[in-house]
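Structure assessment
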Amino acid sequence: MDDERPDVLTIGQLAHRTGLSVRTLRFWSDEGAVPPVARSASGYRLYDAGSVARVELVRTLRELGLGLDDVCRVLSGSTTVAEVADAHVAALDAQIRSLKVSRAVLSTVSKRGSTAEETALMNRLARLSAAERKQIIDEFKEEVFGGLAVDPHLRDRLHTLRIELPDDPTPEQVDAWIELAELVRDPGFRARLRTWMELNTPVPGQGRPPGASIWWARQVVQTVAEVRERGVASEGPAAAEVLSELFGDADRAAVLRSLEAGIEAGAERYRTLVACVRGQDSFPEATEELEWLARALRAADQA
């Protein structure tokens, strides 16, 4: 009988040789990936040494994630392994990006202890298209920066600053985008930031308003950070000397109004989130330094 010839294998023998189950081999055979080379007089499928090699190729391609349809196309010669691999790499890249987003959302949910509703919102924000993300940012910019009487060069910078996720964002960037998107969609945040901008934006032909240097020049924050490291309290003569060094004879009441508006608006958090989303190196968030400065200004005003 054919199935007793030494050069052919029954499906059970092929399963033994390859370490796969008969059920898997039968399915692959039915789909045309590993067709029998012959049938026995009893109608049983028969395979040969070439079938063993074919099974190994099918197994390799399946382990790499290719579907049976693609495997059959490769085996029939209608496409090449390289062509299928190229398409599969693109699909895997898309899947990896999706998995990164899922991981970032779940990580944020875990850290925040989010509710089901908050989780659903974060997931939607994380999976917005580039056009949808741009629309959110454009609407925010128009409400916060639109109509400000600012120097044309600065206005152009504010409007052309691109705040968007790269094609392959890190989990940290996705996490920052979720928080940023929640922030810029908040009407209260928009109003507070607008107030802060009006207090701190230079008017054409005039110098910067009192206190604007706190936000536009990092040396102010660096100076306060060094003072805090030395253990200087925000009340007392040492703090008063720092204020004199930073602001001279400037209107300190105006400086304090500017400072408090920025703290209340969350301007520092907004800055660090934007930098993270853009993948830029950024100064550490300086909210604690700015709060020290505000306490020092209040104490000096009461002295």
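Computed from a prediction, not measured in an experiment: that's the story for all the values here.

On to the overall build of the chain. Scanning the chain for helices and strands turns up 16 helices and 3 strands. For 303 residues, the compact-globule estimate of 2.2 N^0.38 gives 19 Å, and the C-alpha radius of gyration of the chain, at 33 Å, exceeds that figure by more than 25%. In terms of its C-alpha atoms, the chain occupies a principal-axis envelope of roughly 110 × 40 × 35 Å. For the chain, with 303 residues in total, the buried portion stands at 38%.

With that settled, consider the confidence of the model for the chain. Predicted coordinates in regions of low pLDDT should not be interpreted in detail. Summarising the model, the chain shows a mean pLDDT of 84, and 91% of its residues fall at 70 or more. No element of the chain has a lower mean pLDDT than helix H11 (residues 212-216), which averages 52, and none a higher one than helix H2 (residues 22-30), which averages 95.

In total, this model carries 4 aromatic pairs according to the counting rule given. Here phenylalanine 140 and phenylalanine 145 contribute two aromatic rings whose centre-to-centre distance is 6.1 Å and whose plane-to-plane angle is 75 degrees, an arrangement assigned as edge-to-face. For phenylalanine 145, a relative accessible area of 8% translates into the label buried. Seen from their ring centres, phenylalanine 140 and phenylalanine 189 are 6.1 Å apart, and the 10 degrees between their planes marks the pair as stacked. On the criterion of sequence distance, the pair formed by phenylalanine 140 in helix H7 (residues 130-145) and phenylalanine 189 in helix H10 (residues 187-200) is long-range, its members being 49 residues apart.

Moving on, we come to helix H4 (residues 68-76). All of the buried residues along H4 are Leu68, Val71, Cys72 and Val74. All buried residues of H4 project into a common sector of 160 degrees when viewed along the axis, lining one side. Projecting away from the buried face of H4 at angles above 90 degrees are the exposed residues Asp69 and Ser76. Residue glycine 77 follows H4 closely and has a positive phi angle near 85 degrees.

The N-to-C vectors of helix H1 (residues 11-18) and helix H3 (residues 49-63) enclose an angle of 55 degrees; their axes lie 10 Å apart at closest approach. Regarding the angle of H1 to H3, the classification is oblique. Here H1 and H3 pass one another in a crossing that is right-handed. For the pair H1 and H3, contact is made by Leu14, Arg17 and Thr18 and by Ser51, Val52, Val55, Glu56 and Arg59, respectively. Of the residues in the contact of H1 with H3, the class split is 3 nonpolar, 2 polar and 3 charged.

Turning next to the nonpolar core. Core analysis: the biggest nonpolar cluster contains 27 residues, and Phe140, Phe145, Trp177, Leu180, Val184, Leu193 and Tyr270 have the highest contact counts within it. Counting 20 residues, the second largest nonpolar core, distinct from the first, contains Ala15, Leu20, Leu68 and Val84.

Let us now look at the pattern of salt bridges. Per the counting criterion, the structure on display carries 15 salt bridges. Its salt-bridge partner being aspartate 138, residue lysine 134 comes within 2.7 Å of it at the nearest N-O pair. With lysine 134 and aspartate 138 both in helix H7, this residue pair falls 4 residues apart, about one helical turn. Glutamate 179 is paired through a salt bridge with arginine 269; the nearest N and O atoms lie 2.9 Å apart. Remark: arginine 269 occurs in helix H15 (residues 267-277) and glutamate 179 occurs in helix H9 (residues 171-184); sequence separation between them is 90 residues. Using a relative accessible area of 24% as the deciding quantity, one classes glutamate 179 as partly exposed.

A separate point is H1. The complete set of buried residues in H1 reads Ile11, Leu14, Ala15 and Thr18. Down the axis of H1, the buried side of the element spans an arc of 100 degrees, and every buried residue falls inside it. Looking at H1, the residues exposed on the side facing more than 90 degrees away from the buried face are His16 and Arg17. Buried residues along H1 sit in contact with strand E1 (9-10), H2, strand E3 (45-47) and H3.

Here histidine 88 is to be found in helix H5 (residues 81-112). Residue classification places histidine 88 among the buried positions, given a relative accessible area of 18%. Apart from the residues within four sequence positions on either side, histidine 88 is in contact with Leu64, Gly65 and Leu66.

In this section: the UniProt feature "domain: HTH merR-type" (unreviewed entry) in the chain. Those residues carrying the UniProt feature "domain: HTH merR-type" (unreviewed entry) are residues 8-77 in this numbering. In residues 8-77, helix accounts for 59% and strand for 10%; the two terminal C-alpha atoms are 25 Å from one another.

Before going further, it helps to examine the packing of H9 against H15. Contact geometry of H9 with H15 gives a least axis separation of 8 Å together with a crossing angle of 140 degrees. When the axis of H9 is compared with that of H15, the two are oblique. H9 and H15 meet at a crossing whose hand is left-handed. Contact residues: H9 offers Glu172, Gln173, Ala176, Trp177, Glu179, Leu180, Leu183 and Val184, while H15 offers Arg269, Tyr270, Leu273, Val274, Cys276 and Val277. For the contact of H9 with H15, the per-class residue count stands at 10 nonpolar, 1 polar and 3 charged.

Each value, and the rule that gives it
- Residues numbered from 1 in each chain as written.
- Predicted model: local features only at pLDDT ≥ 70, side-chain atom pairs only at ≥ 80, totals over all residues.
- Heavy atoms only, no water.
- Helix = DSSP H or I, 4+ residues; strand = E, 2+ residues; numbered from the N terminus.
- Rg over C-alpha atoms; globule rule 2.2 N^0.38 Å.
- Buried < 20%, exposed > 50% of the residue type's maximum accessible area, 1.4 Å probe, protein only.
- pLDDT = per-residue confidence, 0-100.
- Phe/Tyr/Trp six-rings, centres within 6.5 Å; stacked < 30°, edge-to-face > 60°.
- Arc of directions from axis to C-beta.
- Axes fitted to C-alpha atoms, helices over the stretch in contact; angles between N-to-C directions.
- Parallel < 35°, antiparallel > 145°, perpendicular 65-115°, else oblique.
- Left-handed = near helix turned anticlockwise from the far one by under 90°.
- Contact = heavy atoms within 4.5 Å.
- Nonpolar A, V, L, I, M, F, W, Y, C, P; charged D, E, K, R; others polar.
- Core = buried A, V, L, I, M, F, W, Y, C linked by side-chain atoms within 4.5 Å.
- Salt bridge = Lys/Arg side-chain N within 4 Å of Asp/Glu carboxyl O.
- UniProt positions renumbered as here; feature names shortened; annotations may be inferred.

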